[in-house]
Each structure stands twice: as C-alpha cells, then as structure tokens.
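What follows is the residue order along each chain.
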Amino acid sequence: MKPGDILLRPQPSRVVLRPFVPAENGGMPHDGRARVERILERVLGLTEQDLEQELARVLTSLADRHRNVKCVLQRRFYDIVEPHARGRSVSGDQMLLAGAYFTEEYSFEAAALFNPGIVLHPDQEGVPAESVRIVLSLRGVGEGHISSIIFRTGVFGADGQLTLDLPSRWATSPQIETIPGGAPDDPGVRLFYGGHDDLSELVLFPVTYRQRHGIEDLRLVRFVEDDGHVTYLGTYTAFSGEAVRQELLRTRDFVSFDLNALTGKLSATKGMALFPRRIDGRYAMLGRHDHENIWLLRSNELYQWENGDVIASPRWPWEFIQLGICSPPIEIDEGWLFILHGVGPIRSYCLGACLLDKKNPANVIARSIEPIVRPSPETRDGYVPNVVYSCGALALGRTLLLPHGIADSFTGFASFSIDELLATMR
C-alpha cells in the first residue's frame, strides 16, 4: 500500500502481564505485617481442593492470552512474595497462586498508539531487492494514561509501497534485572525478553520509580561506531509524575534492552535525538533544552551531556511558539537531514525539515518555510487535537518515509522525494 493509505490504531485486546503490588493500609490498624505477607498467609490457608480449583480457574483464564503463564507467576512469587515467606514451606501450586495475586493484565495500547520512530531491522535476509525491512517503535497509552514502548515490523520498497506485518496475538513480559546506572545511586535496568517470535510481542513498560508515569517517545538510531560495530540506541522521556528526564535504551538484538538515565545539566528535558555516528570522535545530539529552540549537544561520554548551543530558533508563523526535534538526523549526500516540529496558533503542531552541514552540524544549511505535514480537517480530532508529531524518519535512496502520530491517538504515514523536499527549503 501507499504509506498515506495506512493508519495504525490502538488495539485494547493486546494485553501483557505485569507486576501488581497492592498499597499498604496507611494509618489503618493491623498486625504490623506487610500486606504481601498477609495475602500469602490466606493462600497458604486454602484447602487443597480450593487451591486446585482457584489455580485452575486462573490458568484457564490466561492460557489463550499469554505465553509461559506459569513462568511469569513463578517470577512474581520470587520477586514479590518469597521475601515475606519467613521460611514457611510453599508448594508449587501455592507458589503459582500466590504469584497470581501480584500480577495484573495491562492493556498497553488501549487508549492510543502514536509518536512512531523507525530504523532498519537488524535482519535484512530474504527482503526483495531495493526494499528494506523496518522496525517501528510506537508509544502505546493504556490505563492511567501510562505510556509504554512497543514495536511493529514491515517492509518498505523503492517503489514507495509499505507493507506492515500484523501484530502478534501474544505480548511478552520481560525478566527485569538491576544494572549499574549513570550515577551510583541511580541504577539502570535490563529487560530480557525470551521466546518471542517477532518484535510486536515486546512491551517496554515502566519498571522504575522515575518511569512510573510512563516512558515516552523513543527516538531510535542504528548507531555505527568507527570500527563498523552496530548498536541500536534510543533516547526517550521518563516521567515520574513530578519530573521528566531523558534516558537511553541500548540493544544489539532486540532481545535484551538496557535502560539507563542520562546525566548532566542538559538531560532534564524532552525531545533529544542522537546522531547515528560520532562526529569528530564525539557523540552528538539534537535537543530542545529551553523548550523553544533547537540545540546541538556534543559529548565524549554517551550518558553525560553538559554543553550545547542553539542552532535554530522560531522564524515562521507555524513555529512561533517553539521548535523541537522529531527524527534523529539522517545522513544524505547534502548533509544531515532531520524532521522537526513547530508549534503555532491554537497550539497546532506541524512537521518540517532541516538540513545541517555534514562536517559541522552547528551550521544550518536550509529549513522548511512551510510545514510538510500539518493537521487536516480529517485527522485533527483526537485525544490532543491539532497535533502531528514524529520520532523518526527513514531514507531509502532518495525517498523519505515519515511515520507520524496524529492527535496523540493513532499513527499515519507519509513519503516524500528528498529532492523535492530540499527544493522547498530555504
């Protein structure tokens, strides 16, 4: 299909199993034990018949919606319940049922599916000539307006046709491990997903205190080191409910993901995007540190960002409120091309393009005079009206594929001739 004919909408039926810990009773009188321990004691007090019946009911209700249910419930027991067992003997069935009381189904895209990023898939075998397999990252919004990151795959051809694979009926819960972070008192996490058939089964949902209200707007890059080594890196926004900060996703295989906070005075912001290689031996990033202008940041350390300079400011009416980063920069013959957003009257978000000098990206060569994508009468309505937004774009030859979120609700696609796009820029 032509990209413009495709829309991705949220599917509430897609659910994942995630940890659930009931709140403590606050000032209510109790016997001094944690609720986890009291719930475990109730499970251990069941008769063998009641235990078998309740466990059978739980397993039957989940069997056709989730893989490896027993493994997930076992993990929940060891992660949450076992520290409160106080040496008591717990049978295998008791362990599974106790784990079920600390597990919940979460519909991770029940409310919205938007703000896509895009990179080349790590597996390009079997793809037709002059076509590429792609990975889309998307922001799924579920209960409590909490955001998670999910993935879709597809093939984009030089003929301009885009084919997206249907998402799997399954969603996979990760194994979660603490790893060293950007600061001694701020550890990161590793999410490991085993046994999945395709990337659409992966759900990166908030797992730390600083992420508890959502992980948002992943800007993925296929990062190539000077020696040719490839790693997939992606900046995203972690929202705690009180503060935002930038964190970095790192993966080589889309099986294991390391999530760590960025540090430095320029990291407490939104909308940062890495260049896909080092420039003059240093990492480079575009950002919107002051909520109005586009900044170029450079660093010797991937996780620490201290210094930067403004390289582009609002100039045309459709961007008078602010400029911001959409896609990570894309290297083309003419320089570094990236998609930006501008905010204009009625808080309307539109998309444009910008071209930076290849050797010195602090120099802006050209920018869009008019938006290349703007809200239309047919697509302006949704959770946040009058918004189009993107977290990535992909160049195939001289064609640019631009997935974009619409009204913070669903996802559409557009494609452009790079030559024609450059001709419209000043």
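For clarity, every value in this text was computed on a predicted model and none was experimentally measured.

Parameters and conventions
- Residues numbered from 1 in each chain as written.
- Predicted model: local features only at pLDDT ≥ 70, side-chain atom pairs only at ≥ 80, totals over all residues.
- Heavy atoms only, no water.
- Helix = DSSP H or I, 4+ residues; strand = E, 2+ residues; numbered from the N terminus.
- Rg over C-alpha atoms; globule rule 2.2 N^0.38 Å.
- Buried < 20%, exposed > 50% of the residue type's maximum accessible area, 1.4 Å probe, protein only.
- Contact = heavy atoms within 4.5 Å.
- Areas by Shrake-Rupley, 256 points an atom, 1.4 Å probe, with all protein chains shown as cover.
- Lys, Arg positive; Asp, Glu negative; His and termini not counted.
- Charge placed at Lys NZ, Arg CZ, Asp CG, Glu CD.
- Pairing = 2+ DSSP bridges.
- Salt bridge = Lys/Arg side-chain N within 4 Å of Asp/Glu carboxyl O.
- Axes fitted to C-alpha atoms, helices over the stretch in contact; angles between N-to-C directions.
- Parallel < 35°, antiparallel > 145°, perpendicular 65-115°, else oblique.
- Left-handed = near helix turned anticlockwise from the far one by under 90°.
- Nonpolar A, V, L, I, M, F, W, Y, C, P; charged D, E, K, R; others polar.

**With respect to the overall build of the protein chain**
Step number 1: Within the protein chain, the regular secondary structure consists of five helices and 27 strands.
Step number 2: At 23 Å, the protein chain has a C-alpha radius of gyration in line with the 22 Å of a compact globule built from 426 residues.
Step number 3: If one aligns the C-alpha atoms of the protein chain with their principal axes, the spans along those axes are about 75 × 50 × 45 Å.
Step number 4: Evaluated residue by residue, the protein chain yields a buried proportion of 54% over its 426 residues.
Step number 5: In the protein chain, 59% of the contacts between residues at least 6 apart in sequence involve partners at least 24 apart.
Step number 6: By element, 49% of the accessible surface of the protein chain is carried by carbon and sulfur atoms, the whole surface being about 18,600 Å².
Step number 7: With 44 positive and 54 negative side-chain charges, the protein chain shows a spacing of 3 Å between the two charge centroids.

**Let's talk about the pairing of strand E6 (residues 147–157)**
Step number 1: The buried fraction of E6 amounts to 10 of the 11 residues, a majority that puts the element mostly inside the structure.
Step number 2: Alignment of E6 against strand E10 (residues 203–204), held across two bridges, turns out to be antiparallel. Note on E10: the bridge partner recorded for isoleucine 149 is leucine 204.
Step number 3: The pairing of E6 with strand E7 (residues 162–164) spans three bridges and is antiparallel. Following the sheet pairing, glycine 154 is matched in E7 by leucine 164.
Step number 4: From the end of E6 to the start of E7, which pair antiparallel, there are four residues, and glycine 160 there has a positive phi angle of about 85 degrees.

**Side note on the pattern of salt bridges**
Proximity of charged atoms lets side chains of opposite charge pair with each other.
Step number 1: One pass over the full model with this rule turns up 24 salt bridges.
Step number 2: Glutamate 104 is paired through a salt bridge with arginine 18; the nearest N and O atoms lie 2.7 Å apart. Taken as a pair, glutamate 104 in strand E3 (residues 103–107) and arginine 18 in strand E2 (residues 15–19) lie far apart in primary sequence, 86 residues in all.
Step number 3: Classification of glutamate 104 as partly exposed rests on a relative accessible area of 21%.
Step number 4: For arginine 18, a relative accessible area of 14% puts it in the buried group.

**Structural notes on the packing of helix H1 (residues 35–44) against helix H4 (residues 92–100)**
Step number 1: Close contact between H1 and H4 brings their axes to 10 Å; oriented N to C, the two are set at 135 degrees. On the basis of the axis angle, H1 is oblique to H4. In this structure, the crossing between H1 and H4 has a hand that is right-handed. In this structure, H1 uses Leu40, Val43 and Leu44 to contact H4, whose residues at the interface are Gln94, Leu97 and Ala98.
Step number 2: Looking at the contact of H1 with H4, its residues break down into five nonpolar, one polar and no charged.

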